[in-house]
Amino acid sequence: MNQHNRAARLCRLFFSTLYISSFTFGGGFVIVTLMKKKFVDELHWITEEEMLDMTALAESAPGAIAVNAAILVGWQMEGLPGMMTAVVGTILPPMVILSIISYFYNVFAANVYVALVLKGMQAGVAAVILDVVCSMGGKVIASHSAVSLFLMVAAFAANYIFGVNVVLIILAAAVFGVVRAALARKRTV
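A quick note: this is a predicted structure, and the numbers were derived from the prediction, not measured. (Residues numbered from 1 in each chain as written. Predicted model: local features only at pLDDT ≥ 70, side-chain atom pairs only at ≥ 80, totals over all residues. Heavy atoms only, no water.)

This next bit is on the overall build of the protein chain. Summing up its helical and strand segments, the protein chain has 8 helices and 0 strands in all. When the helices and strands of the protein chain are listed from N to C terminus, the series reads α-α-α-α-α-α-α-α. Across its three principal axes, the protein chain shows a C-alpha extent of roughly 65 × 60 × 25 Å. Within the protein chain, the proportion of its 189 residues that are buried is 23%. Considering only contacts within the protein chain whose residues lie at least 6 apart along the sequence, 50% involve residues at least 24 apart. Total accessible area on the protein chain stands at roughly 13300 Å², and carbon and sulfur atoms take up 72% of it. With 12 positive and 9 negative side-chain charges, the protein chain shows a spacing of 13 Å between the two charge centroids. (Helix = DSSP H or I, 4+ residues; strand = E, 2+ residues; numbered from the N terminus. Buried < 20%, exposed > 50% of the residue type's maximum accessible area, 1.4 Å probe, protein only. Contact = heavy atoms within 4.5 Å. Areas by Shrake-Rupley, 256 points an atom, 1.4 Å probe, with all protein chains shown as cover. Lys, Arg positive; Asp, Glu negative; His and termini not counted. Charge placed at Lys NZ, Arg CZ, Asp CG, Glu CD.)

Attention now goes to the pattern of salt bridges. Think of it this way: side chains of opposite charge can pair up when their charged atoms draw near. Tallied over the full model, the rule gives 5 salt bridges. The residue Glu 78 makes a salt bridge to Arg 6 at a minimum N-O spacing of 2.7 Å. With Glu 78 in helix 4 (residues 65-103) and Arg 6 in helix 1 (residues 3-22), this pair connects stretches of sequence that are 72 residues apart. For Glu 78, a relative accessible area of 9% corresponds to the buried category. (Salt bridge = Lys/Arg side-chain N within 4 Å of Asp/Glu carboxyl O.)

Here we take up a nonpolar patch on the surface. A contiguous nonpolar surface patch, about 1000 Å² in accessible area, is contributed by Val 88, Leu 92, Val 96, Ile 97, Leu 98, Ile 100, Ile 101, Tyr 103, Phe 104, Val 107 and Phe 108. Every element with two or more residues in the nonpolar patch is listed here: helix 4 and helix 5 (105-110). Among the elements that make up the nonpolar patch, the one with the highest residue count is helix 4 (8 residues). Mapped onto the elements of the fold, Val 107 is located in helix 5. (Patch = residues over 30% accessible without salt bridge, like charges linked within 9 Å, V, L, I, M, F, W, Y side chains within 5 Å.)

Below, the structure is given as structure tokens:
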């Protein structure tokens with residue numbers, strides 16, 4: 001492929017990912033669906049099977065699904081230049097939008113109506129967190145595991161009563177889980 005065709009393809013890749021990222025609301029799974037429509041169905045640059053594999057990899061890798069998918073699609077299309085082009089096209093719209101919002105945040109926050117919306121959003125976030133806590137806590141209680149119940153109560157007390165940083169609690173729980181799994185494995189061997 002000559003340089004002109006490659007440059008045209010990179011340009012098309014950039015503007016495709018820019019467009020998809022600019023007008024997609026709802027998270028990474030929505031962007032992956034639109035990437036499939038664009039790159040598989042419309043442009044025929046990759047196969048549906050390749051897109052399914054890329055989606056699985058994007059979901060399992062750490063980070064935002066949209067960026068992970070852009071990395072994989074770009075790499076498949078044009079190697080390193082394609083990857084960089086797709087990533088820039090994907091992250092540019094959210095960066096611009098968040099920069100504008102952060103620049104005008106003080107003006108927005110001083111607005112009575114915006115402040116009320118933000119308070120409402122806080123209540124919504126609290127409700128979602130409470131739902132997750134009740135769901136996960138219910139599963140721990142239903143397990144009838146004395147160790148799990150103790151850990152749950154100890155983690156709550158450590159943070160709420162004693163003010164221990166959540167990161168330390170998570171690390172301690174992870175170490176405890178690894179040790180517990182290693183001991184259980186040693187017993188079965």
